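Analysis of the macromolecular model
Listed below are the residues making up each chain.
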Protein chains: 2
Amino acid sequence: MRFTSEQRLDDGVLERGFTLGEIPGILWTPAAASAQAPLILMGHPGGLHKLYPRLAARARHCAAEGYAAATIELPGSGDRPRSATAEEARADLRRALEAGEPVDDEIVDRLILPLVDKAVPEWRAALDALLSLPEVGGPVGYAGGVIAIGTRLAVVEPRISAAVLFAGSFVPRTMLEEARQVTIPLLVLLQWDDEGNDRQMALDLFDAFGSKEKTLHANMGGHTGVPQFEGDDGNRFFARHLK
Amino acid sequence: MRFTSEQRLDDGVLERGFTLGEIPGILWTPAAASAQAPLILMGHPGGLHKLYPRLAARARHCAAEGYAAATIELPGSGDRPRSATAEEARADLRRALEAGEPVDDEIVDRLILPLVDKAVPEWRAALDALLSLPEVGGPVGYAGGVIAIGTRLAVVEPRISAAVLFAGSFVPRTMLEEARQVTIPLLVLLQWDDEGNDRQMALDLFDAFGSKEKTLHANMGGHTGVPQFEGDDGNRFFARHLK
């Protein structure tokens, strides 16, 4: 892990760009870093540059509560090399959505399964690197999309103690079985009228999670319309489970 | 409205029993009643004596945030005269649930529709009486079950500005149309594995509500297992909409 940039934001939060091999990432640490800050890994749909304003706002919201927050670029997104099969699957998905057709399981599998297989080990490597920093400590939470990535991480990564999962993307049907193996506390966010998502599949996934403590928050508005108060609810969820 | 008892609870909240004609009720007002306190009407499944500990706890939670809270007995519950048709419908419902059979729409209609028809005008009369007290003012929220009663109240009672509805009881299918007429902000609570409720119907009802701002919170556990943090979430919801 190599830091590539550093700036102090106006609220005192320290923002550092880094690379982990070929993977770019960003780490935000609280202004008053007393002891080791618990860490929130921030999931997203890919494209750090485009998403920067929203990611930075989320990170500062976390930092205000004493958390460090970090994110890495997804495989095939931003400045990272494109995957031809993923691009093709994405185009097929877009065509189906624009035509108002049901989305074939096969398209979802082709788009999401290789992404999960590639992204999850990268998140785990990032976690190794981040937790080796003296200013970052456990416990660790995951917050955001892609929900299939968050689900797999929750199963395979024992250092993640709780997760806020954004059900805003398609999930391979085979991952329902994986969801049953998740046991950490979950807060699942669902945009009820998300134009690019399958509401019933999101409800089936919520039902499948094996966690004893899981909460679903569904709100109106499209994919990007998650109400601001859900940020506060997320912080309170982590306050219950990470502190 | 006639006060029949009065006691000051250990946190300073003033609890007064009252009757409104033949209907018993309870009013809780905050310790430091400065100006007029906004009012939360607390819905419940019927049986004030039995429910008193839970109702008092909810009321004190409201009062701590500056709200007055009030409730009245439901028709056919507690010390009020039983309705033979309602008792019969309740027995039919219990039989169906115990046998693990699907619950006939006809049983739900027989149980719930007359209850809604009778209870809603009573809640409105109670609201008239409560708002005439100098220490109670608007705006007004409704919080609790029976969700069919809360739904009808939200449609017909313009003084109710926001509602936390507990989706913990069966809803007549015909009320989906009524739900479309609801426009006030809603927080709907659903216990995902509620043994005596129809999850899909609760989701259909949430979908039907006409409100632009509506949020669903679904949690694990049975009917009585609503997590304590939902009380805080409810207070924050009312703080956004009643203040």
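What comes next concerns the included structure. Since this is a predicted model, take the numbers as computed values, not measurements.

**What to know about the pattern of salt bridges**
Scanning the model with the defined rule gives 40 salt bridges over all chains in all. The shortest N-O distance in the salt bridge between D128(B) and R159(B) comes to 2.8 Å. Highlighted residues: D128(B) in helix α3 (residues 105-131) and R159(B) in the loop between α4 (147-156) and β7 (160-166), separated in sequence by 31 residues. Close ionic contact of E177(B) with R180(B) constitutes a salt bridge, the shortest N to O distance being 3.0 Å. Of this pair, E177(B) and R180(B) both sit in helix α5 (residues 175-180), three residues apart, which is roughly one turn of the helix. Taken together, the shared-partner salt bridges connect D92(A), R95(A), E106(A) and R110(A) into one network.

**Let's talk about the packing of helix α2 (residues 84-98) of chain B against α3(B)**
Residues and elements named next belong to chain B. Across the interface, α2 lies against α3 with an axial gap of 9 Å and an inter-helix angle of 140°. With respect to their mutual orientation, α2 and α3 come out oblique. With respect to the hand of their crossing, α2 and α3 are arranged in left-handed fashion. In contact with A86, E88, A89, R90, D92 and L93 of α2, α3 contributes I107, R110 and L111. When its residues are assigned to classes, the contact of α2 with α3 shows five nonpolar, no polar and four charged.

**Quick look at the interface of chain A and chain B**
Listed by partner, the interface residues are 20 residues for chain A and 20 residues for chain B. Ranking the residues of chain A by area buried against chain B places W192(A), M220(A) and F229(A) at the top, with a combined share of 29%. Viewed at the interface, chain B and chain A are joined by two salt bridges. Between R199(A) and D207(B) there is a salt bridge whose closest N-O contact spans 3.5 Å. Secondary structure elements with two or more residues in the side of chain A that touches chain B: α6 (199-208), β9 (214-219) and α7 (229-242) of chain A. Looking at the side of chain A that touches chain B element by element, the count peaks at six residues for β9(A). Across the side of chain A that touches chain B, the residue classes break down as seven nonpolar, four polar and nine charged. For β9(A) and strand β9 (residues 214-219) of chain B, the ladder comprises five bridges, and the chain directions are antiparallel. Among the inter-strand pairings, L216(A) is bridged to a residue of β9(B), identified as A218(B).

**Brief notes about a positive patch on the surface**
All names here are of chain A. A contiguous patch of positive charge, built from K50, R54, R58, R90 and R94, is present on the exposed surface. Those elements giving two or more residues to the positive patch turn out to be α1 (48-63) and α2 (84-98). Inspection of the secondary structure assignment puts R54 in helix α1.

**Some details on the relation of the copies chain A and chain B**
Once chain A is rotated about the relating axis by 180° and shifted along it by 0.0 Å, it coincides with chain B to within an RMSD of 0.0 Å. Expressed as an axis order, the relation between the two copies is that of a two-fold axis. In terms of C-alpha distance to the rotation axis, chain A has H217(A) as its closest residue, with the C-alpha 2.4 Å off the axis. The residues that chain A uses at the interface reappear at the interface of chain B in 100% of cases, marking a shared surface.

**A closer look at the nonpolar core**
Ranked by internal contacts, the top residues of the largest apolar core, which has 126 residues, are I149(A) and I149(B). Setting aside anything within four residues of it in sequence, one finds I149(A) in contact with L74(A), L115(A), V116(A), A119(A), V120(A), W123(A) and Y142(A).

**A closer look at the packing of aromatic side chains**
Residue and element names in this part refer to chain A. What the rule picks out here adds up to ten aromatic pairs over all chains. On the basis of an interplanar angle of 85° and a centroid distance of 6.5 Å, the ring pair of F3 and F18 is categorised as edge-to-face. With a gap of 15 residues between them, F3 in strand β1 (residues 2-8) and F18 in strand β2 (residues 14-20) connect regions that are remote in the sequence. Taking relative accessible area as the criterion, F3 reaches 31% and is therefore assigned partly exposed.

Reading the values: rules and limits
- Residues numbered from 1 in each chain as written.
- Chains lettered and ligands numbered in written order.
- Predicted model: local features only at pLDDT ≥ 70, side-chain atom pairs only at ≥ 80, totals over all residues.
- Heavy atoms only, no water.
- Salt bridge = Lys/Arg side-chain N within 4 Å of Asp/Glu carboxyl O.
- Helix = DSSP H or I, 4+ residues; strand = E, 2+ residues; numbered from the N terminus.
- Axes fitted to C-alpha atoms, helices over the stretch in contact; angles between N-to-C directions.
- Parallel < 35°, antiparallel > 145°, perpendicular 65-115°, else oblique.
- Left-handed = near helix turned anticlockwise from the far one by under 90°.
- Contact = heavy atoms within 4.5 Å.
- Nonpolar A, V, L, I, M, F, W, Y, C, P; charged D, E, K, R; others polar.
- Buried area = accessible area lost by both parts, 1.4 Å probe.
- Pairing = 2+ DSSP bridges.
- Patch = residues over 30% accessible without salt bridge, like charges linked within 9 Å, V, L, I, M, F, W, Y side chains within 5 Å.
- Areas by Shrake-Rupley, 256 points an atom, 1.4 Å probe, with all protein chains shown as cover.
- Lys, Arg positive; Asp, Glu negative; His and termini not counted.
- Charge placed at Lys NZ, Arg CZ, Asp CG, Glu CD.
- Least-squares fit on C-alpha atoms with pLDDT ≥ 70 in both.
- Core = buried A, V, L, I, M, F, W, Y, C linked by side-chain atoms within 4.5 Å.
- Buried < 20%, exposed > 50% of the residue type's maximum accessible area, 1.4 Å probe, protein only.
- Phe/Tyr/Trp six-rings, centres within 6.5 Å; stacked < 30°, edge-to-face > 60°.

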